[in-house]
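Report on the structure
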Amino acid sequence: MTGSTFLGMGHFVPPRVVTNNDLAVLMETTDEWITQRTGIKERHWVDGDVGASELAEHASRQALAEAGLEPKDIDLILFATLSPDLNFPGSACLLQARLGLPGVAAMDIRNQCTGFLYGLKTADAYIRSGLAKHVLVVGAEVHSTGLDVTTRGRDVAVLFGDGAGCAVVGPTDGESRVIDTELHADGRFAEILMVEAPASRLNPRLTAEMMEQGRHYPKMDGRSVFKHAVERLPEVIHSILKRNGYTLADVDVLVPHQANLRINEMVARQLGFPAEKIVNNIQKYGNTTAASIPMALHEAVQDGRVHKGNLVLLAGFGAGLTWGASLVRW
Ligand code: ACO
């Protein structure tokens, strides 16, 4: 039966590196605090006016080259981001124009750190049903221009980085394929991690007073996010393995969302999963939200940690709340 498979991948980060010590100049923080609590040592931030679709274009062209395809071969673009170039239209349309694909369907996905997995499941469904042949699944974020880089915003500002990761997904009758993707959400906890303004539910959507109060910056109840993440991730991992007849021992590589190294270490301990089979690159990039899973996966493919025949488990958790996992035979 026809399924979908990864034909090529790409990832891109802007060249400017911002270390923890660079942040300590802007706010009251230290390399030690950030490293101990998150594992992050540095991240990449854009310089000047660079939107998510620009980072995505670099990653997409790399993915197309790896797949041996041309932009014209793509018949659907799925763009996961919480930091779109514009409030509207979506970044998928902007990427479509950058790639020179007028007329091709282009859709944004607003599922934060789980966005790439929502995109992957949608691509898989389109391909299995014959509605699409080659789908570009993108996760890309420019966080840096939306962070409060003062001491007031330090709990959030130190976590996030800019970047893009993507995959060209296409049809297959072979063994290498997306086996399954399981997705969840729980909107009751929407406000533990959000950007409140500008918003259609506020009238006016944004005022000078709101900006003075910093309500246009991300707000996070860090402890609550941590607690939910370390419960939901093991739960969805056990669930997807069980419903596909696998156990953790069958998994060759786990590629989790890169929110915080401590979260991933705790999840590994709870699962009893060997640390050396987990891909972590948050140390270099910070949390790149929708981009983090494809960036980590592509790095692991490039350096040989993920290779043909491997059973690869992708797992994500983020604002919404949203969470999910994908099981892929590489
Ligand atoms: N540098 C120095 N001090 C800081 C910083 C900073 N960057 N940020 C906060 N602090 C201070 C706080 O003000 C507080 O000071 P106080 O005790 O005087 O009030 C102190 O450090 C401790 O703060 P806590 O919030 O209790 O620190 P905690 O140990 O909970 O760690 C953290 C905070 C790292 C955010 C943690 O809660 C966490 O990892 N949460 C998970 C959230 C996460 O990873 N989010 C990523 C985005 S969501 C996602 O992708 C899933």
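So, the overall build of the protein
Assigned secondary structure in the protein consists of 11 helices and 13 strands. A compact globule built from 330 residues would reach a C-alpha radius of gyration of about 20 Å, and the protein, at 19 Å, matches this within 12%. In terms of overall dimensions, the protein has C-alpha extents of about 55 × 50 × 35 Å along its principal axes. Taken over 330 residues, the protein has a buried fraction of 55%. Only carbon and sulfur atoms are counted for the fraction: they give 52% of the accessible area of the protein, which is about 14100 Å². The protein carries 31 positive and 38 negative side-chain charges, and their two centres are separated by 4 Å.

Remarks on unusual backbone geometry
Most of the time, phi is negative for any residue but glycine, and the peptide bond is trans. Here the residue pair phenylalanine 88 and proline 89 is connected by a cis peptide bond, since its omega of -5° sits within 30 degrees of zero. Looking at the secondary structure, you find proline 89 in the loop between strand S4 (76–80) and helix H4 (91–98). Look at the link from alanine 197 to proline 198: it is a cis peptide, with omega at 0°. Its place among the elements puts proline 198 in the loop between strand S9 (193–194) and helix H7 (208–213).

Points about the pattern of salt bridges
Pairing is possible between side chains of opposite charge, provided their charged atoms come close. A complete count under the given rule lists 19 salt bridges for this structure. As a salt-bridge pair, glutamate 182 and arginine 243 come within 3.7 Å of each other at their nearest N and O atoms. Within this pair, whereas glutamate 182 is found in strand S8 (residues 177–185), its partner arginine 243 is found in helix H8 (residues 222–243), the two being separated by 61 residues in sequence. For glutamate 182, a relative accessible area of 6% translates into the label buried. Accessibility expressed as a relative area gives 47% for arginine 243, which makes it partly exposed. Connected through salt bridges with shared partners, the residues Glu54, Glu57, Arg61 and Arg98 form a single ionic network.

Quick look at the packing of aromatic side chains
Enumeration according to the criterion identifies two aromatic pairs in this entry. An angle of 40° between the planes, with centres 4.9 Å apart, marks the rings of phenylalanine 6 and tryptophan 330 as tilted. Of this pair, phenylalanine 6 sits in strand S1 (residues 3–12) while tryptophan 330 sits in the segment after strand S13 (322–329), and the two are 324 residues apart along the sequence. In this pair, the class of phenylalanine 6 matches that of tryptophan 330, namely buried. Note on phenylalanine 317 and tryptophan 323: the rings are 6.5 Å apart at their centroids and 35° apart in plane angle, and the pair reads as tilted.

Regarding the pairing of strand S6 (residues 135–141)
Judged by how many residues are buried, S6 sits mostly within the fold: seven of seven residues are covered. Of the two faces of S6, both are covered, the one formed by Val135, Val137, Gly139 and Glu141 as well as the one formed by Leu136, Val138 and Ala140. Here S4 runs beside S6; their pairing, made up of five bridges, is parallel. Paired with isoleucine 77 across the two strands is leucine 136, which belongs to S6. Direction of pairing for S6 relative to strand S7 (residues 163–172): antiparallel, over a ladder of seven bridges. Counted as the bridge partner of valine 138 is cysteine 166 from S7.

Here we look at the environment of valine 135
By the element assignment, valine 135 lies in strand S6. Between the alpha carbons of valine 135 and proline 218 there is a distance of 31 Å; along the sequence they are 83 residues apart. Ignoring anything within four residues of it in the chain, the contact list for valine 135 reads Ile74, Asp75, Leu76, Leu78, Ala123, Ile127, Ala167, Val168 and Val169.

A word on the domain arrangement of the protein
For the protein, the assigned domains read domain 1 (3–174) and domain 2 (178–329). Counting each side, the surface lost to burial between domain 1 and domain 2 is near 3800 Å², with a carbon and sulfur contribution of 62%. When the area that domain 1 buries against domain 2 is broken down by residue, the three leading residues are His11, Cys113 and Leu117, summing to 17%. At the junction of domain 1 with domain 2, the criterion picks out zero salt bridges. Where domain 1 packs against domain 2, one counts 23 residue pairs in polar contact (both at pLDDT 80 or more). Counting only elements with at least two residues in the side of domain 1 that touches domain 2, the list comes to S1, helix H2 (31–38), strand S3 (42–44), helix H3 (52–67), helix H5 (115–128), S6, helix H6 (154–157) and S7. The greatest single-element share of the side of domain 1 that touches domain 2, amounting to seven residues, is contributed by H5. A breakdown of the residues in the side of domain 1 that touches domain 2 according to their chemical character gives 18 nonpolar, 20 polar and 13 charged.

Cut-offs used in this document
Residues numbered from 1 in each chain as written. Predicted model: local features only at pLDDT ≥ 70, side-chain atom pairs only at ≥ 80, totals over all residues. Heavy atoms only, no water. Helix = DSSP H or I, 4+ residues; strand = E, 2+ residues; numbered from the N terminus. Rg over C-alpha atoms; globule rule 2.2 N^0.38 Å. Buried < 20%, exposed > 50% of the residue type's maximum accessible area, 1.4 Å probe, protein only. Areas by Shrake-Rupley, 256 points an atom, 1.4 Å probe, with all protein chains shown as cover. Lys, Arg positive; Asp, Glu negative; His and termini not counted. Charge placed at Lys NZ, Arg CZ, Asp CG, Glu CD. Salt bridge = Lys/Arg side-chain N within 4 Å of Asp/Glu carboxyl O. Phe/Tyr/Trp six-rings, centres within 6.5 Å; stacked < 30°, edge-to-face > 60°. Pairing = 2+ DSSP bridges. Contact = heavy atoms within 4.5 Å. Domains from an automatic or database assignment. Buried area = accessible area lost by both parts, 1.4 Å probe. Polar contact = N/O pair within 3.5 Å; in protein donor to acceptor, adjacent residues only side chain to side chain. Nonpolar A, V, L, I, M, F, W, Y, C, P; charged D, E, K, R; others polar.

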